[in-house]
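Summary of the model geometry
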Amino acid sequence: MERVVLVTGASSGVGLALCRRLLEEDGRIHLCIACRNAQKNEATRDLILASHPAAQVSTVEVDLGNLASVLRVARELRCRFQRLDFVYLNAGIMPNPHVNFKALWHGLLTGKVLHMLTTAEGIMTQTDRLNGDGLQEVFTTNLFGHFMLVRQLEPLLCSNEKPARLIWTSSSNARESAFSLSDFQHAKGQESYSSSKYATDLTSVVLNRKLNKQGLYSSVVCPGLVMSNMTYRILPFFLWKLLMPIMWLIRFFARTYTLTPYNGAEAHVWLFKQKPESLDPLIKYHSCTSGLGKSYVEPRKMDVDEEIAEKFYQKLLELEKQTLERYSDLLD
């Protein structure tokens with residue numbers, strides 16, 4: 001039977017490029033794309049079928065920032081499929097991003113500017129808000145909504161003859177300094193995106209420990225700096241136009257400047273072809289592009305404390321329990 005692949009955040013950027021690249025690798029897969037509304041779903045499906053007319057492409061509607069929506073789509077997927085082989089947990093938001101030009105100037109003077117430009121450490125802030133569930137929006141959309149989805153889809157992921165895969169889109173901006181167990185939703189800080197991506201790394205590590213024996217393996221990837229709808233909101237569009245030649249030059253020194261969604265999906269596609277048993281659960285796989293435009297994957301050890309990861313997992317389970325009690329009518 002064909003492999004079933006679910007991709008969240010498939011309507012643009014890395015998600016859309018990933019869908020196309022997966023079909024180039026294996027045109028026999030059943031690709032299920034997940035977007036926030038029906039109009040985006042159909043438009044994305046049409047785009048994919050335009051270049052792969054023989055592909056099997058279905059859609060589901062889900063807003064990862066709305067937990068009722070997550071539970072509904074999980075129920076729909078359990079009814080529609082007998083199994084899932086790959087789930088790409090790619091959807092994410094970075095609301096109201098701002099550049100701290102003072103910090104950037106300081107990095108230039110202290111010789112740390114290249115590190116800051118490749119990780120956004122110290123120069124990127126975001127303004128978060130509460131969603132309809134009373135949770136921080138970035139935490140819910142980028143991490144907890146996906147966590148709930150995985151937990152609800154375990155019957156489809158852990159009952160296969162062959163191993164199933166979770167592949168999370170993380171970031172080089174995932175930093176321990178932005179994350180706190182006492183404020184794991186990052187309600188008090190201004191680096192909610194970085195916190196949510198570090199929480200993603202922690203979650204993947206624990207899921208491997210809990211679920212590998214049941215045939216489910218989790219990996220995290222960093223797409224690098226990709227010019228996408230999310231990135232373009234950081235600065236006015238005309239500034240990006242002025243900066244692009246400089247960014248192409250920076251790529252000779254900063255290989256994570258992948259720049260295009262196609263290049264950014266390199267690690268996602270590479271993992272699609274690997275045997276999960278051979279992968280190190282403490283490694284993050286980075287999409288990289290050389291100065292001459294050659295794409296490749298670079299494994300890097302994650303800076304995660306496994307004890308903190310376990311404690312964070314317990315907090316996620318507590319929050320999950322509260323959510324399921326609130327939305328008990330949406331359960332089977």
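Everything discussed here concerns the structure shown above.
Residues numbered from 1 in each chain as written. Predicted model: local features only at pLDDT ≥ 70, side-chain atom pairs only at ≥ 80, totals over all residues. Heavy atoms only, no water.

1. A few points about the overall build of the protein
- Each helix and strand in the protein was counted, giving 13 helices and ten strands.
- The buried share of the protein, taken over its 332 residues, is 56%.
- Considering only contacts within the protein whose residues lie at least 6 apart along the sequence, 73% involve residues at least 24 apart.
- For the protein, the computed accessible surface area is about 15100 Å², with 54% contributed by carbon and sulfur atoms. (Helix = DSSP H or I, 4+ residues; strand = E, 2+ residues; numbered from the N terminus. Buried < 20%, exposed > 50% of the residue type's maximum accessible area, 1.4 Å probe, protein only. Contact = heavy atoms within 4.5 Å. Areas by Shrake-Rupley, 256 points an atom, 1.4 Å probe, with all protein chains shown as cover.)

2. Digging into the pattern of salt bridges
- A complete count under the given rule lists 19 salt bridges for this structure.
- Between Glu25 and Lys273 there is a salt bridge whose closest N-O contact spans 3.8 Å. Here Glu25 is found in helix α1 (residues 13–25), whereas its partner Lys273 is found in the loop between α12 (266–272) and β9 (283–289), with 248 residues between them in sequence.
- By relative accessible area, Glu25 is classed as partly exposed at 39%.
- On the basis of relative accessibility, which here comes to 49%, the residue Lys273 falls in the partly exposed class.
- Put simply, Arg209, Lys210, Glu306 and Glu310 are held in one network by salt bridges that share partners. (Salt bridge = Lys/Arg side-chain N within 4 Å of Asp/Glu carboxyl O.)

3. Some remarks on the sheet that holds strand β2 (residues 30–35)
- On the basis of which strands lie adjacent, the open sheet formed by eight strands has the order β3-β2-β1-β4-β7-β8-β9-β10 and mixed pairing. Looking along the sheet, the strands with just one partner apiece sit at the ends: β3 (56–61) and β10 (295–301). This sheet shows a mean twist of 25° between the axes of neighbouring strands, independent of strand direction.
- Seen against the sheet, helix α6 (residues 137–152) touches β1 (4–8), β4 (86–89) and β7 (164–169) and runs at an angle of roughly 175° to β7.
- Packed onto the sheet, helix α8 (residues 192–211) meets β7, β8 (216–222) and β9 and runs at close to 160° relative to β8. (Pairing = 2+ DSSP bridges. Axes fitted to C-alpha atoms, helices over the stretch in contact; angles between N-to-C directions.)

4. Some thoughts on the packing of aromatic side chains
- If you walk through the whole model with that rule in mind, you get ten aromatic pairs.
- Taking the centre distance of 4.8 Å and the plane angle of 45° together, the rings of Phe86 and Phe272 count as tilted. Pair noted here: Phe86 is in strand β4 and Phe272 is in helix α12, with a separation of 186 residues, a long-range link. Considered together, Phe86 and Phe272 belong to a single accessibility category, that of buried residues.
- On the numbers, 5.6 Å between centres and 45° between planes, the contact of Phe179 with Tyr198 is tilted. One end of the pair, Phe179, is in the loop between β7 and α8; the other, Tyr198, is in helix α8, and 19 residues separate them in sequence.
- A relative accessible area of 2% means that Tyr198 is categorised as buried.
- Put simply, the rings of Phe139, Phe144, Phe147, Phe179, Phe184, Tyr198, Phe312 and Tyr313 pair up and form one aromatic cluster. (Phe/Tyr/Trp six-rings, centres within 6.5 Å; stacked < 30°, edge-to-face > 60°.)

5. Some remarks on the nonpolar core
- The biggest cluster of nonpolar side chains holds 56 residues, and the ones touching the most others in it are Leu6, Leu84, Phe144, Leu153, Leu157, Leu166 and Phe312.
- Excluding anything up to four places from it in sequence, Phe312 contacts Phe139, Leu143, Phe179, Leu181, Phe184, Ala199, Leu202 and Thr203.
- Among the nonpolar cores identified, the runner-up in size contains 31 residues, and Ala10, Leu23, Leu49 and Leu271 belong to it. (Core = buried A, V, L, I, M, F, W, Y, C linked by side-chain atoms within 4.5 Å.)

6. Overview of the pairing of β8
- Among the seven residues of β8, seven are classified as buried, and the element is accordingly described as predominantly covered.
- Alternating residues of β8 divide into Leu216, Ser218, Val220 and Cys222 and Tyr217, Ser219 and Val221, and every residue in both groups is buried.
- Between β7 and its parallel partner β8, the chain crosses via α8, and the hand of that crossover is right-handed.
- Direction of pairing for β8 relative to β9: parallel, over a ladder of three bridges. Its bridge partner being in β9, Cys222 is matched across the sheet by His286. (Right-handed = clockwise from strand over helix to strand, strands pointing away.)

7. Remarks on the packing of helix α3 (residues 67–80) against α6
- α6 packs onto α3 with a crossing angle of 35° between their chain directions and a minimal axis gap of 9 Å. The two elements α3 and α6 meet at a crossing, and its hand is right-handed. Contacts between α3 and α6 involve Leu67, Val70, Leu71, Val73, Ala74 and Arg78 from the former and Thr140, Phe144, Gly145, Met148, Leu149 and Gln152 from the latter.
- Considered class by class, the residues forming the contact of α3 with α6 number eight nonpolar, three polar and one charged. (Left-handed = near helix turned anticlockwise from the far one by under 90°. Nonpolar A, V, L, I, M, F, W, Y, C, P; charged D, E, K, R; others polar.)

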